[in-house]
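Here is how the chains run, residue by residue.
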Amino acid sequence: MFYNLAEPSWGEEEAAALHRVIDGGFFTMGPEVAAFEEAFAAYHSKKHAVMVNSGSSANLAAIASQFYRNNNTLQRGDEVIVPVLSWSTTYHPLQQYGLKLRFVDIELDTLNMDVGKLEEALTPRTRMIVAVSILGNPAALQTMRDFADRHGLIFMEDNCESLDAELDGRKCGTFGDINTFSFFFSHHVSTMEGGMILTDDLETCHLMRAVRAHGWTRDLPPDSPVFERRGSDHFEAYRFILPGYNLRPLELSGAVGREQLKKLPEMTAQRRRNWQTFQSLMEGDERFIIQRENGKSSAFSFTVILNPEHHLDREKVFAALKEADIGFRIITGGCFLRHDVIEHYDYDTVGEIRNAEIAHDYGFFVGNAPRDLTPQIERLREVLDRSCR
Ligand SMILES: Cc1ncc(COP(=O)(O)O)c(C=O)c1O
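None of the values given here were measured: they were computed from a predicted structure. (Residues numbered from 1 in each chain as written. Predicted model: local features only at pLDDT ≥ 70, side-chain atom pairs only at ≥ 80, totals over all residues. Heavy atoms only, no water.)

> With reference to specific residues and values, describe the site of the ligand.
The immediate surroundings of the ligand are formed by 15 residues, with Gly 55, Ser 56, Asp 158, Glu 161 and Ser 182 found nearest. A distance of 2.8 Å separates an oxygen atom of the ligand from a polar backbone atom of Gly 55. Between His 187 and the ligand, the recorded distance is 3.2 Å, taken from a side-chain N or O atom to an oxygen atom. Taken atom by atom, the bulk of the ligand overlaps the largest pocket. (Near = heavy atom within 4 Å. Polar contact = N/O pair within 3.5 Å; in protein donor to acceptor, adjacent residues only side chain to side chain. 1 Å grid on protein atoms, 1.4 Å probe; cavity = no way out; pocket = protein on both sides within 12 Å on 5 of 7 lines; lining within 4 Å. Sits in = over half its atoms within 2 Å of the grid points.)

> Would you mind going over the sheet that holds strand β5 (residues 154–158) in detail, with residue names and values included?
Within the open sheet, the eight strands sit side by side as β1-β9-β8-β5-β4-β2-β3-β12. Their pairing is mixed. Both edges of this open sheet fall to β1 (48–52) and β12 (347–349), since each of them pairs with a single strand only. Averaged over all pairs of adjacent strands, the angle between their axes in this sheet comes to 20°, without regard to strand direction. Inspection of the sheet shows strand β2 (residues 79–83) paired to strand β3 (residues 100–104) by five bridges, in the parallel sense. Each bridged residue has a counterpart across the sheet, and for Glu 79 the counterpart in β3 is Lys 100. (Pairing = 2+ DSSP bridges. Helix = DSSP H or I, 4+ residues; strand = E, 2+ residues; numbered from the N terminus. Axes fitted to C-alpha atoms, helices over the stretch in contact; angles between N-to-C directions.)

> Tell me what's going on with empty space enclosed by the protein, and back it up with residues and numbers.
Where empty space is left can be seen by rolling a probe of water-molecule size over the atoms. Applying the stated criterion across every chain, the model contains one cavity of 30 Å³ or more. Put simply, the largest cavity is a space of about 50 Å³. Together, Leu 5, Ala 6, Glu 7, Phe 185, Ser 186, His 187, Arg 271, Phe 300, Asn 368 and Ala 369 line the largest cavity. Each residue belonging to the lining of the largest cavity can be placed in one class, and the counts come to five nonpolar, three polar and two charged. (Points joined across faces, edges and corners; volume = space filled by probe spheres on them. Nonpolar A, V, L, I, M, F, W, Y, C, P; charged D, E, K, R; others polar.)

> Run through the packing of aromatic side chains, naming residues and quoting values.
In this structure the tally under the stated criterion is 17 aromatic pairs. With a centroid separation of 4.9 Å and an interplanar angle of 85°, the aromatic rings of Phe 40 and Phe 181 are classed as edge-to-face. In this pair, Phe 40 sits in helix α2 (residues 31–43) while Phe 181 sits in strand β8 (residues 178–182), placing the two residues 141 residues apart along the sequence. On the basis of relative accessible area, Phe 181 is assigned to the buried category, the value being 1%. Joined through ring pairs, the aromatic side chains of Tyr 91, Phe 103, Phe 336, Tyr 345 and Tyr 347 make up one cluster. Arg 218 extends its terminal NZ or CZ atom over the ring of Tyr 238, reaching a point 4.7 Å from the ring centre. (Phe/Tyr/Trp six-rings, centres within 6.5 Å; stacked < 30°, edge-to-face > 60°. Buried < 20%, exposed > 50% of the residue type's maximum accessible area, 1.4 Å probe, protein only. Lys NZ or Arg CZ within 6 Å of the ring centre and 35° of its normal.)

> How would you summarise the side chain of Lys 117 if you had to cite specific residues and measurements?
In this fold, Lys 117 is placed in the loop between β3 and α5 (118–121). For Lys 117, which is buried and forms no salt bridge, the nearest opposite charge comes from Asp 114, at a distance of 4.2 Å. (Lys, Arg positive; Asp, Glu negative; His and termini not counted. Salt bridge = Lys/Arg side-chain N within 4 Å of Asp/Glu carboxyl O.)

> Quick rundown of the sheet that holds strand β10 (residues 288–290)? Include the residues and the values.
Strand order in this open sheet of three strands is β10-β11-β13, and the pairing throughout is antiparallel. Edge positions in the open sheet fall to β10 and β13 (363–367), since each of these has one partner strand only. Strand-to-strand twist of the sheet, defined as the mean angle between neighbouring strand axes without regard to direction, takes the value 30°. As paired elements, strand β11 (residues 301–306) and β13 share five bridges and run antiparallel to each other. Its bridge partner being in β13, Phe 302 is matched across the sheet by Val 366. Relative to the sheet, helix α9 (residues 251–282) contacts β10 and β11, its axis offset from that of β11 by approximately 20°. (Contact = heavy atoms within 4.5 Å.)

> Outline the nonpolar core, listing residues and values.
Among the nonpolar cores identified, the biggest contains 55 residues, and Leu 94, Met 128 and Ile 197 are the most heavily contacted of them. The element best represented in this core is helix α3 (residues 55–65), accounting for six residues. Apart from the residues within four sequence positions on either side, Met 128 is in contact with Ile 63, Leu 74, Glu 79, Val 80, Ile 81, Leu 94, Leu 99, Leu 153, Ile 154 and Met 156. (Core = buried A, V, L, I, M, F, W, Y, C linked by side-chain atoms within 4.5 Å.)

See the structure below:
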């Protein structure tokens, strides 16, 4: 394809890492995963990292952990403030743990939650805010952090789409009490499938380590704050303290993650150069609403929303993109209220949901792989211009 939605970013280093694991003959979670966790935590200046087998699993383990803390524990029926545009598995663990969602509209330009609606979203039952920085563009994370602190709320960042983005010199995925990441193929770094959670809280970290592997204590040190050792080694080796899952990543993913992380700064720099090319070719054209950067984006895609005031035909644009061999897709998961699964949710909305509906009906995105995409972006510009006359 001339212009792909996503491209492989592996080289010889990743292949060598895979062979190192294969030669060692030990494939499930072990020292490679531990080394990747350590490097990932250090990259973000966070105390603890827990790797899991996907970003969705990261969200699941993060939410589960908040139900088992000693203090400030989530309870079924508690309310969570969420943006209405994100990926399905930002929301599913909240539903699965019996939480009620309060959906807030997004800003049409940044595509992130409209934080001007936070006060209106707050009720006596609110216990948590989930921030999502869409497609590399930092959300108003400090505003949400301050709001959460003022009201004693748990603050979670689902940062699965914004690894290496920055706000006020600080990395996205470090503002939350719990912060999740995805290493799916099309994201910033790829471990085939994979995810990570960062936290500074030891109790949360240990709860997630137990939830990650069957709810057992085996991956916890004897002085862990979440259990007291009381049996023989025979008992302790198979001791279950929480209703957990098996969300463990493979050693192969850990080994590849270590190599990908080394390449991340250069990949982000190249993506930012492409982003500047895209921006300079698109800006000032009122037919198209492109993402307005907040802080420092690590965009792995470029969004385009056809300005509804210009009454353009998105199907005609899609046909032209196909013809030009340019891949495109819905923005993240679109407006979540538009999906059938919403029937299974306990939720309400904070005022009118308008911008997410516009993004759903008039928007799409194309890829931003970490190599020079100038010819691809120029062709995109020309196709958009021609199909929107
Ligand atoms: C915001 C967000 N959260 C969670 C996920 C889930 O990540 P994964 O595909 O690794 O399960 C995604 C996936 O794209 C996402 O965009």
